[in-house]
Amino acid sequence: MSITLSGITKRFGDFTALDNVSLEARPGEFLALLGPSGSGKTTLLRIMAGLDFPDTGSVSFNGSDITDRPVADRAVGFVFQHYALFRHMTVAGNVGFGLSVKPRRERPTKEEIRRRVDDLLELVQLKHLGGRYPSQLSGGQRQRVALARALAVEPRILLLDEPFGALDAKVRKDLRRWLRELHERMGLTSIFVTHDQEEALELADRVVVMDHGKIEQVAVPVDVYDKPASAFVFDFVGESNRLPVTVGNGRIVFDNVAIEGAAPDIAEGAGQLFFRPHDARLTQEGAGVPATVSSARPRNGAVRIEAQVAGLELPLELDIPSDQAPSTGSAIFVQPTRAKLFPAGQTIASDQV
């Protein structure tokens, strides 16, 4: 099932949640909507589901316009962050609920419902817990029940709104891997909302990065990280350092220090230079950005140092090989080895904190 959104705008009073958003999810694709709180990702998901409706624009499934159809006519499964399980029902009762309340002419027999529930509980590895109640399950088990309930009605599209947000880090990681395997086995088109960049990069076929009701970039995970389309994407996805620089005469300069190997790709004037902590090296005085080491700690086989640069509010974060790591209080000189230049006026993620 493909999903096509064309020119979607949604306002709540004076607040514009979505601003002329267009997007296509391909059949069988796992698409992640990634962005900070207030970026519009959950509103977009609810419009796909039929829980909200756009002020302007259209929604199509497989080329058919379903913009005005209610949720019951869209054949979607929806999984929420906080499970929304019925506490008075058993696990099996929760999973089979959507089937048992279908109109009589569409409702399966009790035997068919029981068989389908058993199959789904086996699929989510909870067959032995069908007689328990939600209060007797762990958070991860409850979310699996919620997912089985969404799948019971045989949806063509699976929509997930931060389904692991209430779980601890270990359980989240285990369920992410399991969800990706389940998606591939079921062959559904899945749309996953998250503010967790690691989650999006690990799970998705493509990532949709959103900010202030607009799409900043749609790309495969490696390109979102390595080829960010805007200053916001670079700052929001992964760790980054930012230097205010001047572009002129074919050079990029910070505080009279030329940045090596970074060819300017914007007009002359002020710019923002971004680079990752692992994309920098220490160099000689006069050949790099001067800084003072304020902290140093082991990290992933290297040493993560924070280095304060005169005139910058935030320190640089750098990953330096252990045998080259300077001590706290040392004067160092830093050269980015791989960097990306953006115009000075572009929004960055830290502006929203």
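Residues numbered from 1 in each chain as written. Predicted model: local features only at pLDDT ≥ 70, side-chain atom pairs only at ≥ 80, totals over all residues. Heavy atoms only, no water.

### Observations concerning the sheet that holds strand 6 (residues 76–79)
Test applied: In this description, strands pair whenever DSSP reports at least two bridges between them. Helix numbers and strand numbers start at the N terminus; a helix is a DSSP run of H or I with at least 4 residues, a strand a run of E with at least 2. In this description, a line fitted to the C-alpha atoms serves as the axis of each element, helices being fitted only across the stretch in contact, and the angle between N-to-C directions of two axes falls anywhere from 0 to 180 degrees.
One open sheet accounts for 6 strands, arranged 6-7-8-3-9-10; its pairing is mixed. With partners counted over all chains shown, the strands left at the sheet margins are strand 6 and strand 10 (214–219), one partner each. Strand after strand, the sheet turns through a mean of 15° between neighbouring axes, direction not considered. Bridge count for strand 3 (residues 30–34) against strand 8 (residues 189–194) is 5 bridges, and the pairing is parallel.

### Concerning the packing of aromatic side chains
The condition is simple: Only the six-membered ring of Trp is used, alongside the rings of Phe and Tyr, when aromatic pairs are assigned; centres must lie within 6.5 Å, and planes under 30 degrees apart are stacked while those over 60 apart are edge-to-face, with the rest tilted. For every residue, the accessible area (1.4 Å probe, protein chains only) is compared with the maximum for its type, and the residue is labelled buried under 20%, exposed over 50%, or partly exposed between those bounds.
If you walk through the whole model with that rule in mind, you get 6 aromatic pairs. Judged by centre distance (5.5 Å) and plane angle (10°), the rings of F232 and F236 are stacked. Taken together, the residues F232 and F236, both in helix 8 (residues 231–236) and 4 residues apart, mark about one turn of the helix. Owing to a relative accessible area of 14%, F236 belongs among the buried residues under this scheme. Aromatic rings pair up to connect F234, F274 and F342 into one cluster.

### With respect to the pairing of strand 6
Residues V76 and F78 of strand 6 are buried on one face, and the alternating residues G77 and V79, pointing to the opposite face, are buried as well. Pairing between strand 6 and strand 7 (residues 157–161): 4 bridges, direction parallel. Note that in strand 7 the partner of G77 across the bridge is L158.

### Structural notes on the environment of E216
Note the cut-off: What makes two residues a contact is simply this: any of their non-hydrogen atoms within 4.5 Å. A 3.5 Å cut-off defines polar contacts: any pair of N or O atoms within that distance qualifies, except that in protein one atom must be a possible hydrogen donor and the other a possible acceptor, and neighbouring residues in sequence count only when both atoms are side-chain atoms.
By the secondary structure assignment, E216 is in strand 10. Between the C-alpha atoms of E216 and S230, which are 14 residues apart in sequence, the distance is 7.0 Å. Excluding its chain neighbours within four sequence positions, the residues that come into contact with E216 are V209, M210, D211, A229, S230, F232 and V233. Within polar-contact distance, the side chain of E216 engages the side chain of S230 at 2.7 Å.

### Describing the sheet that holds strand 2 (residues 15–25)
Judged by pairing direction, the sheet is antiparallel, and its 4 strands sit side by side in the order 2-1-4-5 without closing on themselves. In the strand order of this sheet, the two ends are held by strand 2 and strand 5 (64–65), each with one partner. Looking at chain direction, strand 1 (residues 3–12) and strand 4 (residues 56–61) are connected through 5 bridges and run antiparallel. Its bridge partner lying in strand 4, L5 is registered against V59. In the packing of helix 1 (residues 41–49) onto the sheet, contacts are made with strand 1, strand 2 and strand 4, and the angle to strand 1 comes to roughly 120°.

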